[in-house]
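Here is how the chains run, residue by residue.
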Amino acid sequence: MSKTILITGAGSGIGKATAIHFQKQGWNVIATMRSPEKENELKELENVHSEKLDVLDLESIHVAIQNGIKKFGKIDTLLNNAGYGAYGPLESFPRENIIKQFNTNVIGLMDVTKAIIPHFRANKDGVIVNISSIGGQMTFALGSLYHGTKFAVEGISESLHYEMKEIGVKVKVVEPGFIATDFGGRSFDFQSGNIEDYQLIINALMKQWQNPNNTVSPPSLVAEVIYNSVTDGTNQLRYRAGDDADYLLDARKKMTDTEFFEMMNSQMEK
Ligand SMILES: NC(=O)c1ccc[n+]([C@@H]2O[C@H](COP(=O)([O-])OP(=O)(O)OC[C@H]3O[C@@H](n4cnc5c(N)ncnc54)[C@H](OP(=O)(O)O)[C@@H]3O)[C@@H](O)[C@H]2O)c1
């Protein structure tokens with residue numbers, strides 16, 4: 001019998017590429033998104049079922065999971081992918097934006113996970129994949145909100161893996177580097193606050209991100225890493241996606257804080 005994955009934020013980017021990859025490998029896919037009526041590509045694929053799910057709406061989470069189980073009989077894997085990036089000086093953020101960033105990337109992820117665990121516990125089987133980022137292990141300037149959420153995803157996942165082991169469920173964390181998606185456009189909440197004192201560091205960050213030597217990987221590469229994490233049969237927790245992820249996370253591990261911060265500062269020419 002085919003296995004089934006439920007994906008949040010499957011309407012674009014990494015979520016959509018992962019839906020397509022798993023479908024090609026013979027899986028059933030419950031592709032959840034905020035606006036399924038706007039998505040046309042996945043609808044055409046056999047064994048892909050779309051459901052409306054907003055991670056900020058508890059009712060939609062429960063309905064999508066129940067409809068998915070009705071459709072395919074069972075869910076084997078959850079991919080917590082939905083998320084976006086809030087960047088800018090902390091003092092420029094209205095409180096509502098701070099709450100929305102943590103509600104989406106952290107509380108939403110926990111709500112979806114919590115809603116599916118009873119199903120996995122009944123089956124004594126399941127895999128939970130959480131999309132973190134290189135930004136869950138290291139930070140760029142002006143990312144206190146986004147990195148705060150991704151460091152939280154890392155801590156939540158690492159602790160959860162102990163208790164999930166008790167019920168036969170695996171937890172995986174995938175850490176992509178820079179990936180060519182809408183993340184830097186539609187999914188980017190940048191607040192400059194128009195405070196002159198931060199203008200130099202804002203410009204420096206933009207230069208660091210727009211450096212033509214940066215490696216940017218396609219979302220299909222992340223999809224392959226996710227597929228491998230689900231099917232490799234190991235208890236490995238963390239998986240990187242992209243050459244830049246390897247380079248930056250190796251450097252973060254090998255260097256002292258001071259050495260690493262000096263390297264990052266040297267890349268942000270002011
Ligand atoms: N691209 C990168 O460089 C990169 C690197 C590391 C990690 N990541 C992580 O990868 C994940 C996917 O991002 P992406 O790069 O694929 O960008 P993306 O194409 O913009 O995808 C983000 C997805 O999240 C969905 N989403 C946002 N808020 C939601 C909510 N409240 N409920 C349900 N879905 C919601 C969006 O849905 P709508 O279509 O409705 O807006 C969109 O489908 C994110 O967690 C991001 O932090 C990305």
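Scroll up a little and you will see the structure.
Quick caveat: nothing in here was measured; it's all calculated off a predicted structure.

Caption draft 1: Main features of the pattern of salt bridges. Evaluated as defined, the whole model comprises 11 salt bridges. Between Glu41 and Lys16 there is a salt bridge; the shortest N-O distance is 3.3 Å. With Glu41 in the loop between β2 (28-33) and β3 (48-52) and Lys16 in helix α1 (residues 13-24), this pair connects stretches of sequence that are 25 residues apart. Since its relative accessible area comes to 17%, Lys16 is described here as buried. In this structure, the salt-bridge partner of Asp182 is Arg186, at a minimum N-O distance of 3.1 Å.

Caption draft 2: Representation of the nonpolar core in the model. Formed by 25 residues in total, the largest nonpolar core has its most connected members in Phe22, Val29, Val174 and Ile226. Within the residue set of this core, elements represented by two or more residues are β1 (4-7), α1, β2, β6 (126-131), α6 (219-231) and β9 (238-241). Ranked by residues supplied to this core, first place goes to α6 with 5 residues. Sequence-distant contacts of Val174, defined by excluding residues within four places in its chain, comprise Val129, Asn130, Ile131, Ser132, Ser133, Val222, Val225, Ile226, Ser229 and Tyr239. Residues Leu78, Leu160, Val169 and Leu237 belong to the second largest nonpolar core, which totals 24 residues.

Caption draft 3: Looking closely at the sheet that holds β6. Pairing is parallel in the open sheet, where 7 strands are placed in the order β3-β2-β1-β4-β6-β7-β9. For this open sheet the edge positions go to β3 and β9, each flanked by a neighbour on one side alone. Between one strand and the next, the sheet's axes are offset by a mean angle of 20 degrees, whatever the strand orientation. Inspection of the sheet shows β2 paired to β3 by 5 bridges, in the parallel sense. By the bridge assignment, Ala31 is partnered in β3 with Ser50. Where helix α3 (residues 95-123) meets the sheet, its contacts fall on β4 (77-80), β6 and β7 (169-176), and the angle it forms with β4 comes to roughly 175 degrees.

Caption draft 4: Expanded view of the side chain of Glu51. Here Glu51 lies in strand β3. No salt bridge is formed by the buried Glu51; the nearest opposite charge belongs to Lys70, separated by 8.5 Å. Side-chain polar atoms of Glu51 contact the side chain of His49, separated by 2.7 Å. Leave out the neighbours within four places in its chain, and Glu51 touches Ile30, Ala31, Thr32, Met33, Pro36, Ala64 and Asn67.

Caption draft 5: Summary view of a positive patch on the surface. A cluster of basic side chains, namely Arg34, Lys38, Lys52 and Lys100, defines a positive patch on the protein surface. Along the chain, the position of Lys100 falls in helix α3. Owing to a relative accessible area of 42%, Lys100 belongs among the partly exposed residues under this scheme.

Definitions and limits used
- Numbers given to residues run from 1 along each chain, matching the order in which its sequence is written.
- At least 70 in pLDDT is required for a residue's local features to be given in this predicted model, at least 80 for side-chain atom pairs to be given and counted, and no such filter applies to totals for whole chains, interfaces and linings, which use all residues.
- Based on all heavy atoms of the structure, the side-chain values leave hydrogens and waters out of the count.
- By definition, a salt bridge exists where a carboxyl oxygen of Asp or Glu is found within 4 Å of a side-chain nitrogen of Lys or Arg.
- Helix numbers and strand numbers start at the N terminus; a helix is a DSSP run of H or I with at least 4 residues, a strand a run of E with at least 2.
- Summary of the burial criterion: residues with accessible area below 20% of their type's maximum are buried, those above 50% are exposed, and those between are partly exposed, where the area comes from a 1.4 Å probe applied to protein chains only.
- The criterion is simple. A nonpolar core is a set of buried Ala, Val, Leu, Ile, Met, Phe, Trp, Tyr and Cys residues joined through side-chain atoms within 4.5 Å.
- The criterion used for residue contact is that any of the two residues' heavy atoms lie within 4.5 Å.
- DSSP-based pairing: two strands are paired if at least 2 bridges between them are found.
- Whenever a helix is involved, its axis is fitted only over the stretch in contact; in every case the axis is a line through C-alpha atoms, and angles between N-to-C directions fall within 0 to 180 degrees.
- We treat Lys and Arg as the positive residues and Asp and Glu as the negative residues; His and chain ends play no part in the count.
- For the purposes of these results, a polar contact is taken to be a pair of N or O atoms within 3.5 Å, where, inside protein, one atom must be able to donate a hydrogen and its partner to accept one; residues adjacent in sequence count only when each atom of the pair is a side-chain atom.
- Put simply, a patch holds well-exposed residues, over 30% relative accessible area, that have no salt bridge, with like charges counted together within 9 Å and Val, Leu, Ile, Met, Phe, Trp or Tyr side chains within 5 Å.
- What sets the accessible areas is the Shrake-Rupley method with a 1.4 Å probe; for residues, cover comes only from the shown protein chains.
- Every charge is mapped onto a representative atom, which is NZ of Lys, CZ of Arg, CG of Asp or CD of Glu.

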